[in-house]
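Each chain is listed here by its residues.
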Amino acid sequence: MTFRDDLELASAWVASYVSRVGDLPVQARVQPGDVRAKLPAAPPEHGEPFEAMLRDLDEVILPGITHWNHPRFFAWFANTGSEPGILAELLVAALNVNAMTWLASPAGTELEVTVVDWLRQLLGLPDGWHGHIEDTASTATIAALAAARVQRPGGVVYASREANFSVEKAARLVGLEYRKVDIDDAYRMRTDFPLADATAVVATVGTTGTTSVDPVAELARRCEEAGVWLHVDAAYAGSAAVCPELQWCLDGCERADSLVMNPHKWLFTPMDCSVLWTRKPELLHEAFALVPEYLAATQDAVDLKDFGPALGRRFRALKLWFVLRWYGAEGLRELIREHVRLAQLFASWVDADPDWEVVAPHPFSTVCFRHKAADNHALAAAASATGEVFVASTTLRGVAAIRLAIGNSRTTEDDVRRAWEVLRACA
Ligand code: PLP
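Just so we're clear, the structure is a prediction, and the values are computed from it rather than from any experiment.

*Asks:* Explain the sheet that holds strand S1 (residues 130–134) to me, and be specific about the residues and the numbers.
*Replies:* Pairing in this open sheet of seven strands is mixed, and the strands run S1-S7-S6-S5-S4-S2-S3 from one edge to the other. Of all strands in the sheet, those bounded by a partner on one side alone are S1 and strand S3 (177–181). Looking at each pair of strands side by side, their axes are set apart by 20° on average, direction ignored. Where strand S6 (residues 258–261) meets strand S7 (residues 274–278), four bridges bridge the pair, whose relative direction is antiparallel. Looking at the pairing, Met261 lines up with Val275 of S7.

*Asks:* If you had to explain the site of the ligand to someone new, which residues and values would you point to?
*Replies:* As a matter of local geometry, the ligand sits amid 13 residues, with Ala137, Ser138, Thr208, Asp233 and Asn262 nearest to it. Measuring from an oxygen atom of the ligand, one finds a side-chain N or O atom of Ser138 at 2.4 Å. Within the side chain of His264, a nitrogen or oxygen atom sits 3.2 Å from an oxygen atom of the ligand. Here the ligand has 400 Å² of accessible area as a free molecule, and 84% of this is covered by the chains. Mapped onto the shell around the ligand, the elements with two or more residues apiece are helix H6 (137–151) and helix H9 (263–266). By residue class, the composition of the shell around the ligand is three nonpolar, eight polar and two charged.

*Asks:* Kindly report on helix H11 (residues 316–352), identifying the contributing residues and their values.
*Replies:* Under the 1.5 Å per step criterion, the end-to-end length of H11 is only 44 Å for 37 residues, more than 12% shorter than the ideal 54 Å. At Gly328, H11 shows its strongest bend, of approximately 85°.

*Asks:* Requested: an account of the sheet that holds strand S8 (residues 356–358), with residues and values cited.
*Replies:* A sheet is described by the order of its strands in space; here four strands give the open sequence S8-S9-S11-S10, paired in antiparallel fashion. Whereas interior strands pair on both sides, the edge strands pair on one side only; in this sheet they are S8 and strand S10 (392–396). Geometrically, the sheet is characterised by an average inter-axis angle of 40° between neighbouring strands, direction not taken into account.

*Asks:* Which residues make up the pattern of salt bridges, and what values do they have?
*Replies:* Inspection of the entire model under this criterion finds 31 salt bridges. In this structure, the salt-bridge partner of Arg72 is Asp415, at a minimum N-O distance of 3.0 Å. You can see Arg72 sitting in the loop between helix H3 (50–61) and helix H4 (83–95) and its partner Asp415 sitting in helix H13 (residues 413–426), a full 343 residues away along the chain. Per residue, the accessibility class of Arg72 equals that of Asp415, and both read buried. Among the salt bridges present, the one from Glu421 reaches Arg418, with a minimum N-O distance of 2.7 Å. With Glu421 and Arg418 both in helix H13 and three residues apart, this pair spans about one turn of that helix. Here the salt bridges do not stand alone but share partners, grouping Arg72, Glu388, Asp415, Arg418 and Glu421 into one network.

*Asks:* Requested: an account of the pairing of S10, with residues and values cited.
*Replies:* Residues Ala392, Thr394 and Leu396 point to one face of S10 and are all buried, whereas Ser393 and Thr395, pointing to the other face, are not buried. In the sheet, S10 pairs with strand S11 (residues 399–405) via five bridges, with the strands oriented antiparallel. The residue bridging Ser393 from the neighbouring strand is Ile402, located in S11. Connecting S10 to the next strand, S11, in antiparallel fashion are two residues, including Arg397 with a positive phi near 50°.

*Asks:* Pulling in residues and values, what's your account of the side chain of Lys305?
*Replies:* Position of Lys305 among the secondary structure elements: in the loop between helix H10 (281–288) and H11. In contact with Lys305, not counting residues within four places along its chain, are Met100, Thr101, Phe288, Leu290, Val291, Leu295, Ala310, Leu311 and Arg313.

*Asks:* An account of the layout of surface pockets is requested, with residue identities and associated values reported.
*Replies:* Counted as a void, the largest pocket has a volume near 920 Å³. In terms of lining, the largest pocket is formed by 31 residues, of which the most central are Trp13, Val14, Tyr17, Val18 and Ile86. Looking at the lining of the largest pocket, the elements with two or more residues in it are helix H1 (3–20), H3 and H4. In terms of residue class, the lining of the largest pocket is built from 21 nonpolar, eight polar and two charged. Here the second largest pocket is characterised by a volume of approximately 450 Å³. Lining the second largest pocket are 21 residues, and of these Phe77, Asn164, Asn262, His264 and Lys265 sit closest to its centre. Per-element tally for the lining of the second largest pocket: the top contributor is helix H7 (residues 165–173), with three residues. Split into classes, the residues belonging to the lining of the second largest pocket amount to eight nonpolar, 10 polar and three charged.

Rules and cut-offs
Residues numbered from 1 in each chain as written. Predicted model: local features only at pLDDT ≥ 70, side-chain atom pairs only at ≥ 80, totals over all residues. Heavy atoms only, no water. Pairing = 2+ DSSP bridges. Helix = DSSP H or I, 4+ residues; strand = E, 2+ residues; numbered from the N terminus. Axes fitted to C-alpha atoms, helices over the stretch in contact; angles between N-to-C directions. Near = heavy atom within 4 Å. Polar contact = N/O pair within 3.5 Å; in protein donor to acceptor, adjacent residues only side chain to side chain. Areas by Shrake-Rupley, 256 points an atom, 1.4 Å probe, with all protein chains shown as cover. Nonpolar A, V, L, I, M, F, W, Y, C, P; charged D, E, K, R; others polar. Expected span 1.5 Å × (residues − 1). Bend = angle between axes of the 7 residues up to and from the residue. Salt bridge = Lys/Arg side-chain N within 4 Å of Asp/Glu carboxyl O. Buried < 20%, exposed > 50% of the residue type's maximum accessible area, 1.4 Å probe, protein only. Contact = heavy atoms within 4.5 Å. 1 Å grid on protein atoms, 1.4 Å probe; cavity = no way out; pocket = protein on both sides within 12 Å on 5 of 7 lines; lining within 4 Å. Points joined across faces, edges and corners; volume = space filled by probe spheres on them.

Scope: geometric values only; no functional claims are made or implied.
In structure tokens:
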């Protein structure tokens, strides 16, 4: 077998998987240790053919995969390993780029700054911001807080009780105290907290629990007055802003110091790809730019290693480029709109059933709801155990609720209807 033969096997496997993933149980039906027990305890002494690996992928690995690419994956924030993303990942491995500096990969660097600028334009963010790609929003927020700490060392990071826990982790990592701010009736961060001791405020556009949108404009006004860094976590909902009618969700963000959004959440890009923009790149640079003699800077070029924690940098820009070109702005808007429509439709079914209720506003593609009489954690687990759907549960103001998050490009109205049928049957 030649490499070309193996490539054909791999591409046939991928094409078959993508077309049949909707027939597999969404959530892996394994117990802890099951996969490990099927794997040899020691590495092979002799090289093996690719066919053997592919066979074990089917027999050992696939049963232990929770299928994020399944159209009825509705847990956490559903996402998509799209066709252009899959193709790009293959080419990325072939090119094996490390875009740590411009010299290390001129095209990798220049494509990255170009595609993040395309994305900035699509979201309606201000011209002139520096943007680059990090692996995850967790890392991007670490980078943002490190820059905030350069501006004002030693203070407090304030974020809402509903902020993702990655924000607290980032504050801890950069050695800043973290304080949770109360929320209003719509799960939004209150704005009447003291800022005198603050290094940074982190506002969320699309919180993990309910997708609430913090009052960014008011927070921006207060942060400007107090000279405090405002970072916006739009990891999930930032994608909505590709639709002009949803761009309200980024109102005020033009005055933020930094903003992160994840194409690997709701913008059809396979794990991992998170974009961080800032209007103060010089502070990111001050936080991260160490130039060892063996990596001397190139005149008139940007070295992206100087803007974040990692030195080695994957060629994530290629998949974002492919995704943006494959769908075009028009195609992205169509998918986002459809997901929002499906979520609103689902919420209308819940509203119409007296045994169920919607428990939070649902401006995007995620609905939080509950059965009024059931144990909703158990209900979400039972629905997921059918293998037909995968939904997660959460606790909102002490009350258990189920979350249905739509984010896979292959999800149809039939899939959402099936989720509702399964949930009602389980209840
Ligand atoms: N911010 C929000 C609002 C999230 O929901 C999440 C994860 O779901 C994160 C940040 C962390 O994202 P990542 O996994 O890219 O670090």
